[in-house]
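Architecture and fold: a report
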Amino acid sequence: MRTTSAGRSVIVTGASRGIGRGIARVFAQDGARVLLVARDEQAAIAAARELADEGCEASAFAADVGVWDDVVRMAAAAVARHGGVDVLCANAGIYPARPLADMTVEAWDEVLRTNLTGALLSVKACMEPLKRSGQGRVILTSSITGPITGYPGWSHYAASKAGQLGFMRAAALELAPFQITVNALLPGNIMTEGLAELGQAYLDRMRDAIPLARLGAVEDIGHAARFLASPEAGFITGQALVVDGGQTLPESLDAIVRT
Ligand code: NAP
């Protein structure tokens, strides 16, 4: 595919594994300078080193997206190392299952702090360099869970992911004067390290619920992110893009057509 990211400075939060690592890889292989962010510095370094070994420009930064001082330092590191911030992929998120009956304020707050407050703080910390970019891009990793579907045990997670879309719409309006677009990706079931541990039987059941008959790859989300970051997507803002292999389309399992 044509390179659209050459020389652009991209921050990906939650990039030490899973979807964030896939997003980072797609941008890095497209020529971007990528800052891979996670709380576990060693894991972030290992993910960045893997990309650097492939000839990409990538470095690691340890930060908790729910901590203001951390994300301020994160933005400063991208400016110092990569010359600015052109693209912020606010992807870091957690999803510990907790049924309503066992929900505590602490468990609720931890998920909201990471997934929703983390998105706000990351965007706020990167605002000035994104303005200077002239074509700044913010791409939030939301989910189908919350905005479109529900799942038992994930009321806090669903609220955080639906909340991201409300945040996105207001932020898109506030940042439009600076030619910064703000969009969200809504992944369905994506094959990550954590999902693989759930076993083949579980993976098979999930695949059966997807019209395109496969789980998503982390690169599927990366490719969508790269599109939203591209010049060609410069007139798209405040939008939610579902990337789920059609998972949210069928009215029932009977509506899924198999050959
Ligand atoms: P994952 O494999 O568990 O990876 C999460 C990443 O986020 C790790 O790098 C983790 O590193 C980092 N992280 C967690 N809390 C953080 C914090 N407070 N500050 C900075 N980094 C933090 O998760 P994933 O499945 O790839 O999910 C990534 C995003 O996609 C999440 O927002 C999730 O809600 C969304 N999503 C995933 C799926 C799916 O099927 N996997 C579907 C829909 C949406 P540290 O722990 O070292 O910080």
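Above this text sits the structure in question.
Quick look at the structure, then. (Residues numbered from 1 in each chain as written. Predicted model: local features only at pLDDT ≥ 70, side-chain atom pairs only at ≥ 80, totals over all residues. Heavy atoms only, no water.)

On to the sheet that holds strand 6 (residues 181-187), then. On the basis of which strands lie adjacent, the open sheet formed by 7 strands has the order 3-2-1-4-5-6-7 and parallel pairing. The sheet is open, and its two edges are formed by strand 3 (57-62) and strand 7 (240-243), each paired on a single side. The sheet shows a mean angle of 20° between the axes of neighbouring strands, taken without regard to direction. For strand 1 (residues 9-13) and strand 2 (residues 33-38), the ladder comprises 5 bridges, and the chain directions are parallel. Across the sheet, I11 pairs through a bridge with L35, a residue of strand 2. Taken strand by strand, helix 8 (residues 218-229) contacts strand 4 (87-90), strand 5 (137-141), strand 6 and strand 7, and its axis lies near 165° from that of strand 6. (Pairing = 2+ DSSP bridges. Helix = DSSP H or I, 4+ residues; strand = E, 2+ residues; numbered from the N terminus. Axes fitted to C-alpha atoms, helices over the stretch in contact; angles between N-to-C directions. Contact = heavy atoms within 4.5 Å.)

Tallying each qualifying case throughout the model produces 13 salt bridges. Here E50 ties to R25 by a salt bridge, and the two come within 3.3 Å at their closest N and O atoms. Residue E50 is found in helix 2 (residues 41-53), and its partner R25 is found in helix 1 (residues 18-29); the two are separated by 25 residues along the sequence. A relative accessible area of 17% places R25 in the buried class. As a salt-bridge pair, R73 and D70 come within 3.3 Å of each other at their nearest N and O atoms. With a gap of 3 residues between them, R73 and D70 both fall in helix 3 (residues 68-82), about one helical turn apart. Each member of the salt-bridge network shares a partner with another, and the members are R21, R25, E50, E54 and E193. (Salt bridge = Lys/Arg side-chain N within 4 Å of Asp/Glu carboxyl O. Buried < 20%, exposed > 50% of the residue type's maximum accessible area, 1.4 Å probe, protein only.)

In contact at an axis separation of 8 Å, helix 1 and helix 8 are set at 55° when each is read in the N-to-C sense. The angle between the axes of helix 1 and helix 8 places the two elements in the oblique class. With respect to the hand of their crossing, helix 1 and helix 8 are arranged in right-handed fashion. Where helix 1 approaches helix 8, its residues G18, I19, G22, I23, R25, V26 and F27 are matched on the opposing element by V218, E219, I221, G222, H223, A225, R226 and A229. Grouping the amino acids of the contact of helix 1 with helix 8 by side-chain chemistry returns 8 nonpolar, 4 polar and 3 charged. (Parallel < 35°, antiparallel > 145°, perpendicular 65-115°, else oblique. Left-handed = near helix turned anticlockwise from the far one by under 90°. Nonpolar A, V, L, I, M, F, W, Y, C, P; charged D, E, K, R; others polar.)

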